[in-house]
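# Coordinate inspection notes
Listed here are the chains, written in short residue letters.
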There are 2 protein chains.
Amino acid sequence: MLHNSDFFSQNSKFISRFNFFLTILSFYLAIEFRFFSRNSEFISRNYDFFLTLRQWIAVESDSSDVTKRSDLHRMMDMTAEKLRLVGGSVEMVDVGMQALPNGSSIALPKVVTARFGEDPSKRTVCVYGHVDVQPAKKEDGWATDPYELTDIDGNLYGRGASDNKAPVLAWIHTVEVYKALNIDLPVNVKFIIEGMEETGSNGLDDMIVAQKDSFFSDVDYIIISDCVWLSRRPALTYGTRGNCYFFAEVEGPKKDLHSGVYGGTVMEPMTDLIGILGADLLGKILIPGVREAVAHLSDEEWKMYQDIEFDLESYKSEIGLSQLMYSNKVDLLAHRWRHPTVSIHGIEGAFSSAGTKTVIPAKVIAKFSIRQVPNMDPAVVEKQVTDYLHSVFAKRKSPNKLSITMVIGAKPWLADPKHPLYEAGKAAVKRVFAVEPDLIREGGTIPIARTFQDVTGKSIIMLPIGGFDDGLHSQNEKISRYNYMEGTKLFIAYLHEVSQIKKY
Amino acid sequence: MLHNSDFFSQNSKFISRFNFFLTILSFYLAIEFRFFSRNSEFISRNYDFFLTLRQWIAVESDSSDVTKRSDLHRMMDMTAEKLRLVGGSVEMVDVGMQALPNGSSIALPKVVTARFGEDPSKRTVCVYGHVDVQPAKKEDGWATDPYELTDIDGNLYGRGASDNKAPVLAWIHTVEVYKALNIDLPVNVKFIIEGMEETGSNGLDDMIVAQKDSFFSDVDYIIISDCVWLSRRPALTYGTRGNCYFFAEVEGPKKDLHSGVYGGTVMEPMTDLIGILGADLLGKILIPGVREAVAHLSDEEWKMYQDIEFDLESYKSEIGLSQLMYSNKVDLLAHRWRHPTVSIHGIEGAFSSAGTKTVIPAKVIAKFSIRQVPNMDPAVVEKQVTDYLHSVFAKRKSPNKLSITMVIGAKPWLADPKHPLYEAGKAAVKRVFAVEPDLIREGGTIPIARTFQDVTGKSIIMLPIGGFDDGLHSQNEKISRYNYMEGTKLFIAYLHEVSQIKKY
């Protein structure tokens, strides 16, 4: 309670100016009460944020693993059910089939849409989120079961906790709180929740195109909370990198061979693959043409980066490295956000278990990706990378077959941080946290941001609530209780701020 | 029956010279009868070679996977039991504990020894074999369950069928046949069967040293049947390559990182690892000093290689490649048998599943091995490879940690193909198959051959019965019924030939 009292005593002018804000205060009190007072009437009404999050985390909705597809369908059903429960008009949109590498196909998870309010005098926002997750296994190095939400010292551990299940729930709880207190939403709120984000939003692009003039026709703004702060200071995100994800497959003998019996007589696919991947031009992305497309760093950007709260030492200690690629803040942030980078994720088909095996793998597939930035074009990068790897491979004069496939080609996204949407974000952050947000970009990819922009022409804001140390895609992913709770308050405040934006 | 009649009509002088051979003929008849006549008394007595082989194949005795250790112990128990059943004096020798990378330890499988006969007037041979196997999973690309012996068109498919369970059983059946027919063995026969061959015969070296003057004191010759023919022509093997198996580990961040969020700011362990492995000097083994130690090909060897039955076209078609490393028989055989080669088997710790994952793996371990030939020395190779990789890595100026470990360091082995043991082998092959055997070497490693030679000083012969296309260490490993049956006859004939070797 003290926190909110302090907050409002420091912001008394807002309280006098906005009656509405007293309502928000009552929301805060309700929320605080709900979570910190075990015997409140809210708990008896089953309003438990953590219960729903626990149920959601328990679903292994890994979109990259087709054997988990039924879990993913179930996750979409649960999402739709939750939105219905809080009063939304919900639809589950069939977005078709997914073609698999073996030639068969499998149903894509349905996209869940929901609508709260249809008042034409109000602004309409559309919240985008996803409820699929990256792969996770206990034996990857998790301290707890990744599919059992575990509260340790105020952190809620579980795969998908921060990316993106808790933020989606925080948005649902935002409208739920309005409904619980029987207060009209200040804006109409729509939801679009998908289940294929982690593997490239398969099916969603077409759905957005198809519903451009229906579902999206009355949408003013799109809000995405699928990212994290840069430090302990809240942030607004105005750009993301894209991603070109490649499979480089080298196929040789018709089956795996004994390395003693056959070694020395055959050109080995692994040697070919490692040879072309180890070529310096790829590692440093000196592939002809790739870096030339990158936008130059402006003086204004340089100054913005200088002012951002970011401590290299804690970044190093967080990831456990003594040395980074760059030793000053501006270079480091620039290479995290607005320069391309290549990562080799692993190799399928080779021996990957513990122990020893003396095998010559017959077919090996390297997985690597190049993060895209303005003004790179995935279609051009695809050709540059494919041509380059084939030219390096040709020099090896190997009888093995190389094939390069770009399985994801997601464009970067960039917004104007001076847009009213961002001004509203700054105001909401100031109200809830009493600080100015950092204006940041995201090294990762939310491909759909770019699609929303290109297809609907609507303005987009990324409004993160996840912590900088949440470990997305990593072992021991978590979101803190603090970020989850204060983040929900931020969303409540943000809806109010957005309702104040003048039409212009 | 026709086969045997033909054989003996072509070798009539032997029949007149050796009464014993009539006994062998009765063995053959017994064996043929046993397998091809379903109602024979042998079958009623449960003498079914395939039944035992089926039971043995069903045990996943993978020595490289510590989680399968109880299966491996069971396999050793079954081996001891079978040897006892056919009348051997059996011991199970405790060879101590295996240290694991995580600092703990686990019991090694016991070594099974057995003795048949103690007549000091007879020669004593010691048959070595192993009953552990390489890893195998159905999803690796097996057409059948690798742990269920499956008979298709006269081939018996299953992991370990040819390497080395059926050959071990063929030797046990050899003494079993003598016992069944109540005939004295022409030589004393000892067995030494281990369960750690596929991972470097951990514990066996010390056991051989310890029993040098006890178990091995009365042994004249050591016979190893852990290899295969080169073509459809039977072969005697007089050399094997050794193997230095390396782990190259690069450790960076304290946990896996999201490649979007962190890519561009950290030096990635995978990039470092692929970079040092892709360096040309490793792939072509131009690491300073490594190739200099290799013995030169003599004119005599060149002529021997020329005469060997080996068809490059069928070799290519067997493995499914349009082009080999060398296009003539002598070069190809030389690089298969008596030149070093490097194979990269795979990477542990990176993403290796199907699908996409945008991860920067925190710790990755490449597994590669260099086959050893005379006059290379594993200890020297270990230093050369370690120094070289560290020097390449140092140039990268990476904050990640590289550590190189040689986990197997097995020396090559070379025998004199004119030794009486080999003359006996030639005679036995001529008796059973009516052809001269090829004198070949083996590209793979049977490290224990070298240990037997160095520690006991006894002469060794490798007497293979596996087919050239058995697919050791590969998917769909098999042994043919023909090789299994005729191979058993070869062993029976060989014991007789060895009993005729003059002491000198």
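Residues numbered from 1 in each chain as written. Chains lettered and ligands numbered in written order. Predicted model: local features only at pLDDT ≥ 70, side-chain atom pairs only at ≥ 80, totals over all residues. Heavy atoms only, no water.

A few words now on the relation of the copies chain B and chain A. For the pair chain B and chain A, the best superposition has an RMSD of 0.1 Å and corresponds to a rotation of 180 degrees with a translation of 0.1 Å parallel to the axis. Taken together, the turn and the small shift mark the pair as related by a two-fold rotation axis. When each C-alpha of chain B is compared by its distance to the rotation axis, Gly278 of chain B comes out closest, at 2.4 Å. Of all interface residues in chain B, 100% are interface residues in chain A too; the two copies therefore contact each other through one and the same surface. (Least-squares fit on C-alpha atoms with pLDDT ≥ 70 in both. Contact = heavy atoms within 4.5 Å.)

Before going further, it helps to examine the packing of aromatic side chains. Aromatic ring pairs: the centre-centre distance and the angle between the two ring planes describe each pair. By the definition in use, this model includes 26 aromatic pairs over all chains. For the ring pair Trp171 of chain A and Phe491 of chain A, a centre distance of 3.9 Å and an interplane angle of 10 degrees mean the geometry is stacked. Placement of Trp171 of chain A in helix 7 (residues 161-180) and of Phe491 of chain A in helix 18 (residues 481-499) is noted, with a sequence separation of 320 residues between them. Both rings, one in Phe310 of chain A and one in Tyr315 of chain A, keep their centres 5.2 Å apart while their planes meet at 55 degrees; by these two values the pair is tilted. The same class applies to Phe310 of chain A and to Tyr315 of chain A, which are both buried. One aromatic cluster in this structure is built from Tyr128, Phe215, Phe216 and Phe452 of chain A. The aromatic ring of Tyr262 of chain A is capped on one face by Arg336 of chain B, whose charged end is 5.5 Å from the ring centroid. (Phe/Tyr/Trp six-rings, centres within 6.5 Å; stacked < 30°, edge-to-face > 60°. Helix = DSSP H or I, 4+ residues; strand = E, 2+ residues; numbered from the N terminus. Buried < 20%, exposed > 50% of the residue type's maximum accessible area, 1.4 Å probe, protein only. Lys NZ or Arg CZ within 6 Å of the ring centre and 35° of its normal.)

The next thing to look at is the nonpolar core. In terms of nonpolar packing, the biggest core is built from 109 residues, with Val189, Phe191, Ile192, Phe452 and Tyr494 of chain A touching the most fellow members. Among the elements that take part in this core, helix 7 of chain A stands out by supplying 10 residues, more than any other. Those residues within four positions of Phe452 of chain A in sequence are excluded, and the remaining contacts are Tyr128, Ile192, Ile208, Phe216, Ile222, Ile224, Gly457, Lys458 and Ile460 of chain A. Listed in part, the 108 residues of the second largest apolar core include Cys126, Trp413, Tyr422 and Ile461 of chain B. (Core = buried A, V, L, I, M, F, W, Y, C linked by side-chain atoms within 4.5 Å.)

Residue and element names in this part refer to chain A. With antiparallel pairing, the 4 strands of this open sheet are ordered in space as 13-15-11-16. With partners counted over all chains shown, the strands left at the sheet margins are strand 13 (342-348) and strand 16 (401-410), one partner each. The sheet shows a mean angle of 20 degrees between the axes of neighbouring strands, direction not considered. Looking at chain direction, strand 13 and strand 15 (residues 363-372) are connected through 6 bridges and run antiparallel. Within the sheet, the bridge partner assigned to Val342 lies in strand 15 and is Ile370. Against the sheet, helix 10 (residues 269-277) touches strand 11 (242-251), strand 13, strand 15 and strand 16, its axis set at about 15 degrees to strand 15. Strands in contact with helix 15 (residues 378-395) are strand 11, strand 15 and strand 16; relative to strand 16, the strand with the most contacts, it is inclined by about 160 degrees. (Pairing = 2+ DSSP bridges. Axes fitted to C-alpha atoms, helices over the stretch in contact; angles between N-to-C directions.)

Residue and element names in this part refer to chain B. Put simply, helix 12 (residues 299-307) and helix 14 (residues 329-337) touch, their axes get as near as 9 Å, and they point 110 degrees apart. Between helix 12 and helix 14, the angle is such that the two are roughly perpendicular. Contact residues: helix 12 offers Trp302, Tyr305, Gln306 and Asp307, while helix 14 offers Lys329, Val330, Leu333, Ala334 and Trp337. (Parallel < 35°, antiparallel > 145°, perpendicular 65-115°, else oblique.)

In this section: the environment of Met304 of chain A. Residue and element names in this part refer to chain A. Within the secondary structure layout, Met304 lies in helix 12 (residues 299-307). The partly exposed category is assigned to Met304, whose relative accessible area is 25%. With 135 residues separating them in the primary sequence, Met304 and Leu439 have C-alpha atoms 8.1 Å apart. If we ignore the near neighbours within four places in the chain, the residues touching Met304 are Tyr238 and Leu439.

For the rest of this paragraph, the subject is unusual backbone geometry. Residues and elements named next belong to chain A. The omega torsion of the bond from Asp163 to Asn164 falls at 15 degrees, within 30 degrees of zero and hence cis. Along the polypeptide, Asn164 turns up in helix 7. Although it is not a glycine, His473 sits at a positive phi angle of roughly 65 degrees. Within the secondary structure layout, His473 lies in the loop between strand 19 (459-462) and strand 20 (478-480). Judged by its relative accessible area of 4%, His473 is buried.

Once that is clear, we can look at the interface of chain B and chain A. Tallying the contact residues gives 84 residues for chain B and 84 residues for chain A. Summing the contributions of chain B and of chain A, the shared interface buries around 7,200 Å²; its carbon and sulfur component is 52%. The interface formed by chain B and chain A contains 0 salt bridges. Linking chain B with chain A are 49 residue pairs in polar contact (both at pLDDT 80 or more), by the criterion used here. (Buried area = accessible area lost by both parts, 1.4 Å probe. Salt bridge = Lys/Arg side-chain N within 4 Å of Asp/Glu carboxyl O. Polar contact = N/O pair within 3.5 Å; in protein donor to acceptor, adjacent residues only side chain to side chain.)

Let us now look at the side chain of Thr237 of chain B. Note that Thr237 of chain B resides in strand 10 (residues 235-240). Each residue touching Thr237 of chain B, except ones within four places of it in the same chain, is listed here: Cys227, Trp413, Tyr422, Ile440, Arg441, Glu442, Met462 and Pro464 of chain B.

Right, let's get into the sheet that holds strand 6 (residues 150-152) of chain B. Each strand in a sheet pairs with its neighbour through backbone hydrogen bonds, running either in the same direction (parallel) or in the opposite one (antiparallel). Residue and element names in this part refer to chain B. Strands sit in the order 6-7-20 across an open sheet of 3 strands; the sheet is antiparallel. Strands at the two margins of the open sheet, each flanked by one partner only, are strand 6 and strand 20 (478-480). Adjacent strand axes in the sheet meet at a mean angle of 25 degrees when their direction is disregarded. Strand contacts of helix 7 (residues 161-180): strand 7 (155-157) and strand 20, with the helix running at about 50 degrees to strand 20, the strand carrying the most contacts.

To continue, consider the side chain of Glu198 of chain B. Note that Glu198 of chain B resides in the loop between strand 8 (188-194) and helix 8 (204-210). An unpaired buried charge is present at Glu198 of chain B: no salt bridge exists, and Arg159 of chain B, the closest side chain of opposite charge, is 7.5 Å distant. Within polar-contact distance, the side chain of Glu198 of chain B engages the side chain of Gln134 of chain B at 3.0 Å. Every residue in contact with Glu198 of chain B, bar those within four places of it in the chain, is listed here: Thr356 of chain A together with Ser63, His130, Asp132, Val133, Gln134, Asp163 and His473 of chain B. (Lys, Arg positive; Asp, Glu negative; His and termini not counted.)

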